[in-house]
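# Summary of structural features
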Amino acid sequence: MIELISGVLPGEHPLLEQAFRLRHSVFVEERGWELLRRPDGREIDQFDDADAVHELALHEGVVVGYHRMRPTTEPHLLADVHRHLCERPYPRSPLVWEWTRYCVRRDRRGGSVLGGVGSELLFGAVEWCLDRGVQDVVLEYHPGWIAYFMTLGFKVRPLGLPTEIDSEPIIAVQMHFDERALAQIRESCSNYKPELADGLRRERAAMPTKRKAGVRS
Amino acid sequence: MTVAQFTFDRIEAIESASTPSSVLLEIQKSAADFGLGCFMTAFIPAPHKPFAPHVLLHNWPAGWFRRYMDSGYVDFDPVIRKTRNTIEPFFWSDASYDADKDPLAHKVMCEATEFRLKTGYTVPLFTPSGDQGGMTFGGECFEASPDAKKALHLIAIYGHGKARAFAKPRQAARAATPKLSAREIEVLKWCAAGKTNSAIADILLVSETTIETHIARACRKLDCMNRTHAVAEAMRARLIF
């Protein structure tokens with residue numbers, strides 16, 4: 001099931017605390033991004049403010065996957081920290097969001113490249129965006145993902161060239177998508193269950209309407 | 001012009017190419033700028049399966065292509081082996097093998113040089129369905145500046161994507177779009193809306209077994225393994241929206 005949390009600050013929501021610990025275990029302990037290490041085991045940065053939309057994948061009440069979305073009209077990682085990755089005019093707009101901190105708990109990663117929880121998160125993010133008229137996101141990832149997302153029907157536009165960060169090649173991209181991508185993700189997720197989407201719809205209905213209006217304006 | 005701008009221009013030229021042969025020319029032009037005359041983009045088949053049907057585009061010397069395919073070199077080629085095991089681009093010289101223990105790998109690499117394929121750079125690629133493939137560039141010498149590697153990495157990704165997009169409609173055209181009954185389409189629409197079989201049975205006032213039969217028949221007509229696959233296939237074929 002997908003749960004969306006927004007308009008809250010760190011420390012204000014128990015599930016979000018679980019998500020911060022998941023982020024710490026994946027990005028710091030597993031991938032070795034030492035700059036993010038914190039003694040309390042919660043990975044939190046300056047972008048985890050009330051503007052962040054946190055997307056959580058829950059299995060039996062436990063956070064097994066996570067993904068963060070931010071409007072590009074507000075400060076965000078790519079524009080404010082990793083701007084050197086971009087060599088094209090930067091697409092800042094209420095209709096362009098940033099995706100970051102995509103992660104799945106180690107023991108829940110599937111046999112395929114993305115796996116069940118990964119597809120669930122991606123499906124949730126795409127559906128959430130489309131529902132708000134958002135069809136463009138900016139993000140940074142390993143260049144190999146470009147081919148992957150193109151197969152899913154995304155139009156991927158590089159904003160710069162691949163650049164090594166901590167000896168991993170990273171590229172900044174803008175990705176455009178529509179409902180067709182949603183159908184493709186659904187197809188690629190072999191263990192897709194319709195109730196996942198139903199859960200998402202319930203969560204969406206519970207989202208504060210203020211934010212929806214804000215995105216559309 | 002910056003390398004970034006050069007690369008973006010090349011990618012745009014590849015993306016706007018309207019025929020497979022114009023994509024081939026664009027990729028060839030980009031590779032030639034870095035001193036690499038040959039390229040191939042393909043998916044990797046399962047072991048001992050023929051390679052040729054998985055090749056999307058290439059400009060290999062005809063003699064080498066024939067020999068490689070006829071002799072099943074795909075099963076021994078150390079470059080293919082490394083492509084399966086990494087997601088990072090690599091030089092052919094980094095696809096290491098023990099010439100004594102692996103004489104066939106050595107044979108492939110030596111024979112390639114007879115066709116002026118002395119050095120090369122390979123970009124592995126993966127897809128959501130778990131298919132592995134890539135693009136490989138070869139030639140007599142490669143001016144491997146960091147910028148050249150970055151540019152080739154992106155050109156490979158977009159060239160492969162475009163070549164794949166051309167291959168797909170051809171496969172689809174071979175199998176004419178199947179005809180689904182009105183009822184099968186109705187059931188698939190409810191599947192697409194996220195309903196379970198029993199929920200659809202309640203909506204259409206029939207038994208769940210009837211729904212399963214409709215789905216099974218739709219799957220058979222669409223050549224799909226399961227209902228999810230059938231829904232996506234029906235969407236692609238514009239049978240449902």
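Residues numbered from 1 in each chain as written. Chains lettered and ligands numbered in written order. Predicted model: local features only at pLDDT ≥ 70, side-chain atom pairs only at ≥ 80, totals over all residues.

### Structural notes on the overall build of chain B
Applicable threshold: Secondary structure elements follow DSSP: runs of H or I of four or more residues count as helices, runs of E of two or more count as strands, with numbering from the N terminus. Atoms counted for the radius of gyration: C-alpha only. Globule rule: 2.2 Å times the number of residues to the power 0.38. With C-beta atoms placed from the backbone, a residue counts as buried when 20 or more other C-beta atoms lie within 10 Å of its own, as exposed when 12 or fewer do, and as partly exposed for counts between those limits. Note that contacts rest on C-beta atoms placed from the backbone: two residues are in contact if these are within 7 Å.
Looking only at helices and strands, one finds ten helices and five strands in chain B. For 241 residues, the compact-globule formula gives about 18 Å, and the C-alpha radius of gyration of chain B, at 23 Å, lies well above that figure. When the backbone C-alpha atoms are referred to their principal axes, chain B occupies close to 70 × 50 × 30 Å. Split into buried and exposed, the 241 residues of chain B put 38% on the buried side. In chain B, once contacts between residues fewer than 6 apart in sequence are set aside, the share between residues at least 24 apart is 62%.

### Regarding unusual backbone geometry
With a phi angle near 55°, A:R101 is a residue other than glycine that sits in the positive phi range. Within the secondary structure, A:R101 sits in strand β4 (residues 96-104). Its identity as a non-glycine residue notwithstanding, B:R116 has a phi of 65°, on the positive side. By secondary structure assignment, the location of B:R116 is in the loop between α5 (103-114) and β4 (119-126).

### Things to note about the domain arrangement of chain B
Applicable threshold: Domain start and stop positions are those given by an automatic or database domain assignment.
In terms of domain boundaries, chain B breaks down into domain 1 (3-174) and domain 2 (182-236). Inter-centroid distance (C-alpha atoms) of domain 1 of chain B to domain 2 of chain B is 40 Å.

### Things to note about the interface of chain A and chain B
Where interface size is quoted, it is often the accessible area lost as the parts come together. The condition is simple: Residue classes follow a fixed rule: Ala, Val, Leu, Ile, Met, Phe, Trp, Tyr, Cys and Pro count as nonpolar, while Asp, Glu, Lys and Arg count as charged, and any other residue, Gly among them, counts as polar.
Facing the 26 residues of chain A at the interface are 25 residues of chain B. Contributions of two or more residues to the side of chain A that touches chain B are made by α4 (144-151), α5 (179-188) and α6 (194-205) of chain A. For the side of chain A that touches chain B, the residue count by class is 15 nonpolar, seven polar and four charged.

### Overview of the nonpolar core
Which entries qualify depends on this criterion: Connectivity within a nonpolar core runs through C-beta atoms within 7 Å, and the core itself is a set of buried Ala, Val, Leu, Ile, Met, Phe, Trp, Tyr and Cys residues.
Core analysis: the biggest nonpolar cluster contains 114 residues, and A:V126, A:F149 and B:L188 have the highest contact counts within it. Looking at which domains feed residues into this core, each of domain 1 (3-174) and domain 2 (182-236) of chain B supplies at least three.

### Quick word on the packing of helix α8 (residues 197-204) of chain B against helix α9 (residues 208-222) of chain B
All names here are of chain B. Going by this rule: Geometry is summarised by axes, namely lines fitted to C-alpha atoms with helices restricted to the contacting stretch, and by angles between N-to-C directions that run from 0 to 180 degrees. In this scheme, roughly parallel covers angles under 35 degrees and roughly antiparallel covers those over 145, while 65 to 115 is roughly perpendicular and the rest are oblique.
Contact geometry for α8 and α9: axes closest at 8 Å, N-to-C directions at 110°. On the basis of the axis angle, α8 is roughly perpendicular to α9. Packed against α8, whose contacting residues are N197, S198, I200 and A201, the element α9 presents E208, I211 and E212 at the interface. By residue class, the composition of the contact of α8 with α9 is three nonpolar, two polar and two charged.

### Observations regarding the sheet that holds strand β1 (residues 38-43) of chain B
Residue and element names in this part refer to chain B. So the rule is basically this: Pairing between two strands is assigned when DSSP locates at least 2 bridges connecting them.
Pairing is antiparallel across the open sheet formed by five strands, whose spatial order is β2-β1-β5-β4-β3. Every other strand in the sheet has two partners, leaving β2 (55-58) and β3 (90-91) as the edge strands with one partner each. Summarising the sheet, β3 and β4 pair through two bridges and their orientation is antiparallel. In the strand pairing of β4, F91 is matched with Y121.

### Let's talk about the packing of helix α7 (residues 182-192) of chain B against helix α10 (residues 227-236) of chain B
Residues and elements named next belong to chain B. At a closest axis distance of 10 Å, the pairing of α7 and α10 adopts a crossing angle of 105°. Regarding the angle of α7 to α10, the classification is roughly perpendicular. Taking contact as the criterion, the partners of L188, C191 and A192 in α7 are, on α10, R227, A230, V231 and A234. Here the contact of α7 with α10 is built from residues that sort into six nonpolar, no polar and one charged.

### What to know about the pairing of strand β3 (residues 62-71) of chain A
All names here are of chain A. Most of β3 is tucked away, with nine of its ten residues classed as buried. The pairing of strand β2 (residues 53-59) with β3 spans seven bridges and is classified as antiparallel. When the sheet's bridge partners are listed, H59 is paired in β3 with V62. Count of turn residues in the β2/β3 antiparallel hairpin: two residues, of which E60 carries a positive phi of about 50°. Taken together, the six bridges between β3 and β4 define a ladder with antiparallel strand orientation. Pairing of M69 across the sheet is with W99, part of β4.

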